[in-house]
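# Structural characterization, general
One letter stands for each residue in the lines below.
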Amino acid sequence: MKNWKVSPAEVFAASPVVPVMVISDLEQAIPMAQALLAGGISVFEITLRTPVALAAIERIAKAMPEAMVGAGTVINAEQYDAAVAAGARFVISPGMTPALLAHAAKGTVPLIPGLATASEVMQALEAGYDHIKFFPAEANGGTKALAAITAPLSQVRVCPTGGIGPKNVADYLALKCVATVGGSWMLPADAIKAGNWDEVTRLSREAVALTQR
């Protein structure tokens, strides 16, 4: 029996879009999160792709308790534990392994495993996971593939991520299985480099508006 502090359904319901945050400069962590929040986004997926990612999770989680801070690109039990220790309230993986699924099932925060095929969805369901990430979404056939995969597996709720932006986000959200979407289009590299947080806020507002159903 999973003893998670929040449910995967609560994570998905907290925001119609989940920003995929790659933080290289720790001093940008709070301003970036504040800019997203000002634009109406309060769920953050901070990927473990940089040396400061865990410190960024800890800093944002402490400074912004009203937000739901999570960790992305978690690929093993050790990273899961490190993310939880840093303050992550949910964990997202680009894939799944039996070891990671079993470990997270005994943990305190929900794991959202990354899947791309019907067989993988079935394996996740067998392990008790019905909230999943479809990744990489566009490279794996986009909305047509996701609709076909979930047609016989309608009990899953999905956060597609990978190649999603203003031009196709509505197409994903039109699918019954999709509860929220992940993306980074509201965090353009040039704006981050320049510290143009007003632009991040503007794009975040636009992203929220695009995801209203």
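Preceding block: the structure.
None of these values were measured; they are calculated from a predicted model.

## A short note on the overall build of the protein
- Counting secondary structure elements, the protein contains ten helices and nine strands.
- Overall, the protein is about 45 × 35 × 25 Å in size when its C-alpha atoms are taken along their principal axes.
- For the protein, with 213 residues in total, the buried portion stands at 51%.
- Of the contacts formed within the protein by residues at least 6 apart in sequence, a portion of 61% connects residues at least 24 apart.
- Element-wise, carbon and sulfur atoms account for 55% of the exposed surface of the protein, whose accessible area totals about 9,500 Å².
- Averaging the positions of the 16 positive and the 17 negative side-chain charges in the protein gives two centres separated by 4 Å.

## With respect to the sheet that holds strand β7 (residues 131-134)
- Judged by pairing direction, the sheet is parallel, and its three strands sit side by side in the order β6-β7-β8 without closing on themselves. Single-partner strands in this sheet number two, and they are β6 (114-115) and β8 (157-160).
- The pairing of β7 with β8 spans four bridges and is parallel. For Ile 132, the partnering residue across the bridge sits in β8 and is Val 158.

## Here's the deal with the pairing of strand β3 (residues 68-72)
- Across the five residues that make up β3, a large majority, five, are buried.
- Burial along β3 is two-sided: the residues Met 68, Gly 70 and Gly 72 and Val 69 and Ala 71 are all buried.
- Pairing analysis gives five bridges linking strand β2 (residues 43-47) to β3, with the strands arranged parallel. Across the sheet, residue Thr 47 finds its bridge partner in β3, namely Gly 72.
- The parallel pair β2 and β3 is bridged by helix α3 (residues 53-63), and the resulting crossover is right-handed.
- Here β3 pairs with strand β4 (residues 90-92) via two bridges, running parallel. Bridge pairing in β4 places Gly 70 opposite Phe 90.

## Concerning the environment of Val 109
- Checked against the element boundaries, Val 109 lands in the loop between α5 (98-105) and β5 (111-112).
- Residue classification places Val 109 among the buried residues on the basis of a relative accessible area of 5%.
- Those residues in contact with Val 109, other than ones at most four positions away along the chain, are Trp 4, Tyr 80, Val 84, Ala 88, Arg 89, Phe 90, Val 91 and Ala 104.

## As for the side chain of Thr 47
- Relative to the helices and strands, Thr 47 resides in strand β2.
- For Thr 47, a relative accessible area of 0% puts it in the buried group.
- In this view, Thr 47 contacts Val 20, Met 21, Val 22, Ala 53, Gly 72 and Thr 73; residues no more than four positions away in its chain are not counted.

## Some details on the packing of helix α4 (residues 77-86) against α5
- Orientation of α4 relative to α5, taken along the N-to-C sense of each, is 35 degrees, at an axis distance of 9 Å. Across from Ala 77, Tyr 80 and Asp 81 in α4, the residues of α5 making contact are Leu 100, His 103 and Ala 104.
- Residues belonging to the contact of α4 with α5 are distributed by class as follows: four nonpolar, one polar and one charged.

What counts, and at which threshold
Residues numbered from 1 in each chain as written. Predicted model: local features only at pLDDT ≥ 70, side-chain atom pairs only at ≥ 80, totals over all residues. Heavy atoms only, no water. Helix = DSSP H or I, 4+ residues; strand = E, 2+ residues; numbered from the N terminus. Buried < 20%, exposed > 50% of the residue type's maximum accessible area, 1.4 Å probe, protein only. Contact = heavy atoms within 4.5 Å. Areas by Shrake-Rupley, 256 points an atom, 1.4 Å probe, with all protein chains shown as cover. Lys, Arg positive; Asp, Glu negative; His and termini not counted. Charge placed at Lys NZ, Arg CZ, Asp CG, Glu CD. Pairing = 2+ DSSP bridges. Right-handed = clockwise from strand over helix to strand, strands pointing away. Axes fitted to C-alpha atoms, helices over the stretch in contact; angles between N-to-C directions. Nonpolar A, V, L, I, M, F, W, Y, C, P; charged D, E, K, R; others polar.

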